[in-house]
Each structure stands twice: as structure tokens, then as C-alpha cells.
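Structure at a glance
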Amino acid sequence: MIRRFNPLSSSPQPTRPDRGNGGSDGSQDPQRKRWGFGKLLLVNLAAIALTACLVGWLALVWLDSWTDHGHYEVVPEVKGLTYDVASQRLTDAGFLPELSDSVYDSKTRPGTVLDQNPKVGTKVKEGRVVYLTITSFSPKMVTLPGLNDVSLRQARSVLEGLGIYRINVEYVPSEFKDLVLAVTHDGRRITAGTRLPVTATVTLEVGEGINEYSDSLSDALTMGALSEFPEEQ
């Protein structure tokens with residue numbers, strides 16, 4: 001209570017405080033504070049997002065510049081060339097030639113490029129390795145497994161799987177039909193572990209079979225039995 005002095009009165013009179021402005025200011029201050037904090041938070045989040053976008057864009061620009069993005073070289077055609085000529089052509093075009101494999105081909109000159117990877121016309125970065133496959137200068141050597149006592153069909157399949165296609169078959173008397181009894185090369189018998197070039201000619205000695213063997217034996221016994229009887233005069 002506030003007492004006001006009245007000159008006409010001997011005692012001061014109490015008065016009520018003015019609550020009009022004071023009460024309204026007290027209720028609005030917390031709301032203003034919350035609204036100000038929210039605006040500040042939004043501004044900070046926007047600044048963070050803008051900074052992240054700027055950093056990402058700068059990183060992409062730097063990465064494109066560092067990787068030379070958008071610049072490519074076309075792989076030239078080197079198939080059919082000798083390895084030396086093909087290597088020089090690839091080097092001049094900005095590539096790194098590398099020999100990856102060699103394959104024997106009797107119809108192609110040794111050292112000729114048979115295949116390339118990446119293929120001709122492919123767009124790649126400068127300095128890319130180009131793998132070359134050439135014709136070998138000597139036939140590929142393979143190791144023969146044991147082929148005795150297996151069927152003719154199996155022995156032929158094994159030899160062709162190794163790359164040997166010059167296969168001769170020689171039938172010999174035996175009761176086991178189509179069974180490989182021996183393997184020869186250049187007239188000499190070979191065993192498991194022998195190394196031969198894929199261009200070698202291999203001969204398989206194979207049994208004729210029980211029917212032919214028994215018929216020959218039967219004919220021989222019959223002729224022997226008839227020879228014991230004297231001829232009639």
C-alpha cells in the first residue's frame with residue numbers, strides 16, 4: 001500500500017499500485033525469450049546447413065580437378081600387331097601395356113597380339129594399364145597323367161582337355177575292349193608325369209575286345225584239331 005499525502009487531510013490516504021503495465025510485462029517476457037531463442041536456433045541451423053553445402057561443393061570441385069573428371073582417352077586398336085609395335089603405340093597414346101598371357105597358335109606368327117583388354121574404342125583414363133595376350137614363341141608344355149587301364153573315351157577326353165588333339169588309336173589283341181593298354185610318342189612308351197608339347201602326336205594302344213580275341217583263338221584251336229586227322233585218299 002502506498003500512502004499519498006493530502007494537504008487538506010491530517011493523515012495520508014492509502015492508494016492502490018498501478019498494475020496495468022507491470023502485470024502485462026511480466027507475462028510477456030517468457031514468451032519473448034522463447035521466441036528469441038527459437039529464431040537464434042533457426043539461424044544457427046541455417047548457417048550450419050549452408051556451410052555444409054559450401055564445403056561439399058568445394059570438395060566436389062577439388063575431386064573433379066584432382067581426378068581430371070571428364071577427360072578420357074580412347075584405347076587404340078593393337079590386335080594383329082607384334083608385341084613391340086603394340087606396346088609403342090599404347091605408350092604413345094598414354095597407356096601402360098602389360099603382357100597378361102600367351103597362347104600357342106600354329107596359324108599365327110609368334111609374338112602377335114591376339115587380344116587386348118580394355119577393348120578397342122573404350123574410353124578410359126590416361127595411364128590405364130592395357131593387358132595384352134600374344135601368340136607364344138613355343139608350344140605349351142603339359143604333363144600327362146596316367147592313362148593306362150582307362151577307357152578310350154576317357155583317355156581322349158583327358159588329352160583334349162590338356163590341349164593335345166593329335167591322337168592316334170592303335171588296336172591290339174586283348175580281351176578288354178576299348179581299354180587303353182599303353183601310350184606311346186614317337187615310338188616310345190610314355191608314363192604318367194611325362195611332359196609333352198601340345199603339338200605332340202600321342203598314340204593310344206587299345207584292346208580289340210573279347211569277341212575278336214575269342215574268335216581268333218577258336219579258329220586257331222579248330223585248325224589245330226583238324227590237322228590231327230589224316231586226309232582221306
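Up top is the structure.
Since the structure is predicted, the reported quantities are computational estimates derived from the model, not experimental observations.

Comments concerning the overall build of the protein chain
Scanning the protein chain from terminus to terminus reveals four helices and 13 strands. Summed over its atoms, the accessible surface of the protein chain is roughly 17200 Å², and 56% of this surface lies on carbon and sulfur atoms.

A word on the pairing of strand β10 (residues 180-185)
Most of β10 sits out of view: five of its six residues are buried. Here four bridges tie β10 to strand β13 (residues 201-207), and the two strands are oriented antiparallel to one another. Pairing of Ala-182 across the sheet is with Glu-205, part of β13. Taken together, the two bridges between β10 and strand β11 (residues 188-189) define a ladder with antiparallel strand orientation. Residue pairing in the sheet places His-185 in a bridge with Arg-188 of β11. Here β10 folds back onto β11 in antiparallel fashion, the turn holding two residues, of which Asp-186 has a positive phi close to 55°.

Notes on the layout of surface pockets
Taken as a whole, the largest pocket spans an internal volume of roughly 310 Å³. Taken together, 14 residues line the largest pocket, and the ones lying closest to its centre are Tyr-104, Asp-105, Lys-140, Gly-163 and Val-198. Here the residues of the lining of the largest pocket sort into five nonpolar, six polar and three charged.

Comments concerning the pattern of salt bridges
On inspection of all chains with the given rule, the structure shows two salt bridges. Between Lys-119 and Asp-115 there is a salt bridge, with the nearest N and O atoms lying 2.8 Å from each other. Of the charged contacts in the structure, one is a salt bridge between Glu-205 and Arg-189, with a shortest N-O distance of 3.3 Å. Here Glu-205 is found in strand β13, whereas its partner Arg-189 is found in strand β11, with 16 residues between them in sequence. Residue classification places Arg-189 among the exposed positions, given a relative accessible area of 62%.

Here we look at unusual backbone geometry
A cis amide bond links Asn-117 to the next residue, Pro-118, at an omega of 5°. With respect to the helices and strands, Pro-118 occurs in the loop between β5 (113-117) and β6 (123-124). Backbone geometry at Asp-149 places phi at a positive 65°, although glycine is not the residue there. Relative to the assigned elements, Asp-149 resides in the loop between β8 (141-143) and α3 (152-162). According to the relative accessible area criterion, Asp-149 is exposed, its value standing at 60%. The backbone of Asp-178 shows a phi angle near 60°, a positive value even though the residue is not glycine. When you line up the elements, Asp-178 lands in the loop between β9 (166-172) and β10.

Points about the environment of Val-142
As for its placement among the helices and strands, Val-142 is situated in strand β8. In this structure, the C-alpha to C-alpha distance between Val-142 and Leu-159, residues 17 residues apart in sequence, is 9.7 Å. Excluding residues that lie within four positions of it along the chain, Val-142 makes contacts with Leu-162, Ile-164, Thr-194, Arg-195, Leu-196 and Val-198.

Here we look at the nonpolar core
The biggest cluster of nonpolar side chains holds 18 residues, and the ones touching the most others in it are Leu-144, Leu-159, Val-180, Val-183, Val-202 and Leu-204. Listed by contribution, the elements that provide at least two residues to this core are α3, β10 and β13. With near-sequence residues (within four places) excluded, Leu-204 lies in contact with Leu-152, Ala-155, Leu-159, Ile-167, Asn-168, Val-169, Glu-170, Val-180, Ala-182 and Val-183. Counting residues in each nonpolar core, the second largest holds ten residues, with Val-75, Val-78, Ala-86 and Val-124 among its members.

Things to note about the sheet that holds β5
With mixed pairing, three strands are arranged side by side in an open sheet as β4-β7-β5. Two strands close off the open sheet at either side, each with one partner strand: β4 (96-103) and β5. Neighbour to neighbour, the strand axes of the sheet diverge by 25° on average, direction disregarded.

Brief notes about the sheet that holds β11
Pairing is mixed across the open sheet formed by four strands, whose spatial order is β9-β13-β10-β11. The two strands at the open ends of the sheet, each matched to only one other strand, are β9 and β11. Its contacts with the sheet place α3 against β9, β10 and β13, and it is angled at close to 160° to β9.

Definitions and cut-offs
Starting afresh in each chain, residues are numbered from 1 along the sequence in its written order. Selection of residues for local features in this predicted model requires a pLDDT of at least 70, selection of side-chain atom pairs for listing and counting requires 80 or more, and totals for whole chains, interfaces and linings are taken over all residues. Remark: hydrogens and water are excluded; side-chain values derive from all non-hydrogen atoms of the structure. Under the DSSP-based scheme used, a helix requires at least four consecutive residues in state H or I and a strand at least two consecutive residues in state E, with every element numbered from the N terminus. Using a 1.4 Å probe, accessible areas were evaluated by the Shrake-Rupley method; residue-level cover was limited to the displayed protein chains. When accessible area is computed with a 1.4 Å probe and restricted to protein chains, residues below 20% of their type maximum are described as buried, those above 50% as exposed, and intermediate ones as partly exposed. Two strands are counted as paired when DSSP detects at least two bridges linking them. Grid points spaced at 1 Å over the protein atoms alone were grouped into cavities, where a 1.4 Å probe fits but cannot get out, and pockets, open sets with protein on both sides within 12 Å along at least five of seven lines, with lining residues defined by an atom within 4 Å of a point. Grid points are joined across faces, edges and corners, and a volume is the space filled by probe spheres set on the points. Under the convention adopted here, Pro, Cys and the residues Ala, Val, Leu, Ile, Met, Phe, Trp and Tyr are nonpolar, Asp, Glu, Lys and Arg are charged, and Gly plus all remaining residues are polar. Salt bridge, as applied in this entry: a Lys or Arg side-chain nitrogen positioned within 4 Å of an Asp or Glu carboxyl oxygen. Any pair of residues with heavy atoms lying within 4.5 Å of one another is described as a contacting pair. Residues enter a nonpolar core if they are buried and are Ala, Val, Leu, Ile, Met, Phe, Trp, Tyr or Cys, with the set joined through side-chain atoms within 4.5 Å. Interaxial angles span 0 to 180 degrees and are taken between N-to-C directions of axes, which are lines fitted to C-alpha atoms, for helices over the stretch in contact.

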